[in-house]
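# A structural walkthrough
Spelled out from the first residue to the last, the chains are:
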Number of protein chains: 2
Amino acid sequence: MDGRRTQGGAPTRRGFVVGGLAGVGAAAFASCAEELQPVRRAPLVAPGDVVLFQGDSITDGGRVRDGAGAANDLAEFGRGYAWLAAVGMLVARPDDGLRCYNRGVGGDRVRHLDERFERDCFALAPDVLSVLIGVNDLWHARNSASTATAADYEREYRALIDRTRAALPDVALVVCEPFVLRCGHVTDDWFPAFDDYRAAARRIADDHARAFVPFHAVFERASALAPPEFWAKDGIHPTAAGAALMAQAWLRVVDGGRA
Amino acid sequence: MDGRRTQGGAPTRRGFVVGGLAGVGAAAFASCAEELQPVRRAPLVAPGDVVLFQGDSITDGGRVRDGAGAANDLAEFGRGYAWLAAVGMLVARPDDGLRCYNRGVGGDRVRHLDERFERDCFALAPDVLSVLIGVNDLWHARNSASTATAADYEREYRALIDRTRAALPDVALVVCEPFVLRCGHVTDDWFPAFDDYRAAARRIADDHARAFVPFHAVFERASALAPPEFWAKDGIHPTAAGAALMAQAWLRVVDGGRA
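Note that the coordinates shown come from a computational prediction; the quantities given were computed from them, not determined experimentally. (Residues numbered from 1 in each chain as written. Chains lettered and ligands numbered in written order. Predicted model: local features only at pLDDT ≥ 70, side-chain atom pairs only at ≥ 80, totals over all residues. Heavy atoms only, no water.)

### Here's the deal with the sheet that holds strand S4 (residues 172-176) of chain A
All names here are of chain A. Read across the sheet, five strands follow the order S2-S1-S3-S4-S5 without closing on themselves; strand pairing throughout is parallel. Only two strands of the sheet have a single partner each, and these edge strands are strand S2 (99-102) and strand S5 (211-213). When the angles between neighbouring strand axes are averaged without regard to direction, this sheet yields 15°. Most of the contacts of helix H3 (residues 81-92) go to strand S1 (residues 50-55), to which it runs at about 165°, and overall it touches S1, S2 and strand S3 (128-132). (Pairing = 2+ DSSP bridges. Helix = DSSP H or I, 4+ residues; strand = E, 2+ residues; numbered from the N terminus. Axes fitted to C-alpha atoms, helices over the stretch in contact; angles between N-to-C directions. Contact = heavy atoms within 4.5 Å.)

This is how it looks when you write it as structure tokens:
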């Protein structure tokens, strides 16, 4: 612990990327230039930090789950955005002794993170915790695997963060925006319901996070440059190009502002 | 033209990433943290700029060559690092009116760039020109398709840059380090010969470029985190993960320092 995140315990908005977008609709996300400004005031990821990626299948990325639990390990990281983001930091900062872990699990909703956070988060004592969760919360409600609503998502997500902050008072939280591409499984009638989940994640970020990574906004922009299928064939799971773009966005926001 | 690059015509080292590594051997590249610092003094890519990627098959990335010649077009950009780097800028800076082009051609050596630079560079009048060339200069010499040496490579490359600076006095040049991974076609006896090509590119960058992107150093680091085959199966052509890492490095150096 270097003490840099211990001034006050509860997070403030001072270290936050940019405010003022909570609650706005999709139109305001059409341009995400401002959102992709990195955190400038202080490095979010400091030398020696443990960085943990948490989430569902998008974070999972096909990782091996019965490994030794080693940091910075390709097999245990999978081949998704989390690995590409971790490698981006590890390559650019080889002397910083960063230890990166991936504990995403395919199919997870917020409640599943809650069930396994003791083992898959608190036990790792991350300095930086990046969470991407939400698409299954809506998807499973749509296909009748769940009766939960966007309000349930926000309530459960806030409870998970409260519990996390109690266990790890100094953790720097990165909230990632849930996203879908308009292709594959994702039909027009996913909207505006999906926007409620995005807005909930944004509100939680405003209240608790050091940074917000606007993945949906990024993919909306990217879909004007290449078909949505290029970024995520089924509308939900990124292709290699989609994962690359996510890693860029994550690094720009989280690691772009270091001194 | 915004005049920001017209103060003096010839480039100086003031805008350069970092000095002092020219002519050193592979050991000094073991850590590339310092090299990956972005250009901080001024944005290298300014609003309204034309950005051109030039090179061989690695830049080509399978692009369609009989298209309309439109900027920012996926088909005409291919699916390699150049597209991922261009999209990274276009998504993060949607209001900047950047126009990005790819004119890489598989199999090219420096002399082939020279043959087609009138059409494939000067006619596009780029504000920023990124060049990645060199691996074929050695590869073709090894397989007897050429008798050229590293000294020929440097001489031809310098002549190409001189000609380019005469045609485009204000162009901001980005020189990319040629790279190989130690797998596939690339056997141990590629070294130390290959280091001569890298060192030549670095010297040219020191003399003429606004930025140097240390791809070989990046892949050396990355090969400690995942097998070289993960980044480039045949040792020369990047996988999707390799292309993603290249785009990250390029963006960090070239576009990481903008205000």
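### Description of the interface of chain B and chain A
Counting residues at the interface gives 38 residues for chain B and 40 residues for chain A. Counting the surface lost from both chain B and chain A, the interface buries some 3000 Å², and carbon and sulfur atoms represent 61% of this. Looking at the side of chain B facing chain A, the largest losses of area belong to Val 91, Leu 225 and Arg 252 of chain B, adding up to 21% of the total buried there. There are two salt bridges connecting chain B and chain A. Between Asp 255 of chain B and Arg 252 of chain A there is a salt bridge; the shortest N-O distance is 3.0 Å. (Buried area = accessible area lost by both parts, 1.4 Å probe. Salt bridge = Lys/Arg side-chain N within 4 Å of Asp/Glu carboxyl O.)

### Looking at the sheet that holds strand S2 (residues 99-102) of chain B
Residue and element names in this part refer to chain B. Pairing in this open sheet of five strands is parallel, and the strands run S2-S1-S3-S4-S5 from one edge to the other. Edge positions in the open sheet fall to S2 and strand S5 (211-213), since each of these has one partner strand only. Sheet twist, expressed as the mean angle between neighbouring strand axes with direction ignored, is 15°. Looking at chain direction, strand S1 (residues 50-55) and S2 are connected through four bridges and run parallel. Directly across from Leu 52, in S2, lies its bridge partner Tyr 101.

### Brief notes about the relation of the copies chain B and chain A
When chain B is fitted to chain A, the residual RMSD is 0.0 Å, and the transformation amounts to a turn of 180° plus an axial shift of 0.0 Å. Here the symmetry operator amounts to a two-fold rotation axis. Among all C-alpha atoms of chain B, that of Ala 244 of chain B lies closest to the rotation axis, at 2.6 Å. An overlap of 100% is found between the interface residues of chain B and their copies at the interface of chain A, pointing to a shared contact surface. (Least-squares fit on C-alpha atoms with pLDDT ≥ 70 in both.)

### Comments concerning the pattern of salt bridges
Using the criterion set out here, one finds 36 salt bridges over all chains in the structure. For Asp 114 of chain A, the salt bridge identified is with Arg 163 of chain A, shortest N-O distance 2.9 Å. Highlighted residues: Asp 114 of chain A in helix H4 (residues 110-120) and Arg 163 of chain A in helix H6 (residues 150-167), separated in sequence by 49 residues. According to the relative accessible area criterion, Asp 114 of chain A is partly exposed, its value standing at 32%. Note that Glu 177 of chain A is salt-bridged to Arg 198 of chain A, the shortest N-O span being 2.9 Å. With Glu 177 of chain A in the loop between S4 and helix H7 (193-208) and Arg 198 of chain A in helix H7, the pair connects residues that are 21 residues apart, well separated along the chain. Judged on exposure class, the residue Glu 177 of chain A and its partner Arg 198 of chain A are both buried. Within the structure, one salt-bridge network assembled from shared partners comprises Arg 93, Asp 96 and Asp 255 of chain A together with Arg 252 of chain B. (Buried < 20%, exposed > 50% of the residue type's maximum accessible area, 1.4 Å probe, protein only.)

### Let's talk about the environment of Arg 119 of chain A
Residue and element names in this part refer to chain A. Mapped onto the elements, Arg 119 comes out in helix H4. Given a relative accessible area of 57%, Arg 119 falls into the exposed group. Taking C-alpha positions, Arg 119 is 13 Å from Arg 163, a pair spaced 44 residues apart along the chain. Side chain to side chain, Arg 119 and Asp 120 meet in a polar contact 3.2 Å long. (Polar contact = N/O pair within 3.5 Å; in protein donor to acceptor, adjacent residues only side chain to side chain.)

### Side note on the packing of aromatic side chains
Inspection of every chain in the model, using the stated rule, returns 27 aromatic pairs over all chains. Ring plane angle 50° and centroid distance 5.5 Å describe the contact between Phe 77 of chain A and Trp 83 of chain A, whose orientation is recorded as tilted. Trp 83 of chain A carries the same exposure label as Phe 77 of chain A, and that label is buried. Centroid distance Phe 53 of chain B to Trp 250 of chain B: 4.9 Å. Interplanar angle 45°. Geometry classified as tilted. One end of the pair, Phe 53 of chain B, is in strand S1; the other, Trp 250 of chain B, is in helix H10 (residues 240-254), with 197 residues separating them in the sequence. (Phe/Tyr/Trp six-rings, centres within 6.5 Å; stacked < 30°, edge-to-face > 60°.)

### Focus on helix H5 (residues 135-142) of chain A
Listed as buried for H5 of chain A are Val 135, Asn 136, Asp 137, Leu 138 and His 140 of chain A. Ser 144 of chain A sits one or two positions beyond H5 of chain A and adopts a positive phi of about 70°.

### Details of the pairing of S3 of chain A
Residues and elements named next belong to chain A. A large share of S3 lies buried, amounting to five of its five residues. What you see with S3 is no split at all: Val 128, Ser 130 and Leu 132 on one side and Leu 129 and Val 131 on the other are buried throughout. Across five bridges, the pairing between S1 and S3 is parallel. Note on S3: the bridge partner recorded for Phe 53 is Ser 130.

### Here's the deal with the packing of helix H4 (residues 110-120) of chain B against helix H6 (residues 150-167) of chain B
Residues and elements named next belong to chain B. At their nearest, the axes of H4 and H6 sit 9 Å apart, and the two run at 15° to each other. Between H4 and H6, the angle falls in the class roughly parallel. In the crossing of H4 with H6, the sense of the turn from one axis to the other is left-handed. Contact residues: Val 110, Arg 111, Leu 113, Asp 114, Phe 117 and Glu 118 in H4; Tyr 153, Glu 156, Tyr 157, Leu 160, Arg 163 and Thr 164 in H6. When the residues that make up the contact of H4 with H6 are grouped by side-chain class, the tally is six nonpolar, one polar and five charged. (Parallel < 35°, antiparallel > 145°, perpendicular 65-115°, else oblique. Left-handed = near helix turned anticlockwise from the far one by under 90°. Nonpolar A, V, L, I, M, F, W, Y, C, P; charged D, E, K, R; others polar.)

### Thoughts on the side chain of Asp 127 of chain A
All names here are of chain A. Inspection of the secondary structure puts Asp 127 in the loop between H4 and S3. For Asp 127, a relative accessible area of 10% puts it in the buried group. Within polar-contact distance, the side chain of Asp 127 engages the backbone nitrogen of Val 50 at 2.8 Å.

### Here's the deal with H4 of chain B
Residues and elements named next belong to chain B. Within the sequence span of H4, burial applies to Val 110, Leu 113, Arg 116, Phe 117 and Asp 120. Along the long axis of H4, the arc covered by the buried residues comes to 150°, so they all point the same way. Those residues of H4 that are exposed and angled more than 90 degrees off the buried face are Glu 115 and Arg 119. In the core, the buried residues of H4 are packed alongside S1, strand S3 (128-132), helix H5 (135-142) and H6. (Arc of directions from axis to C-beta.)

Function cannot be inferred from these measures alone, as they are strictly geometric.
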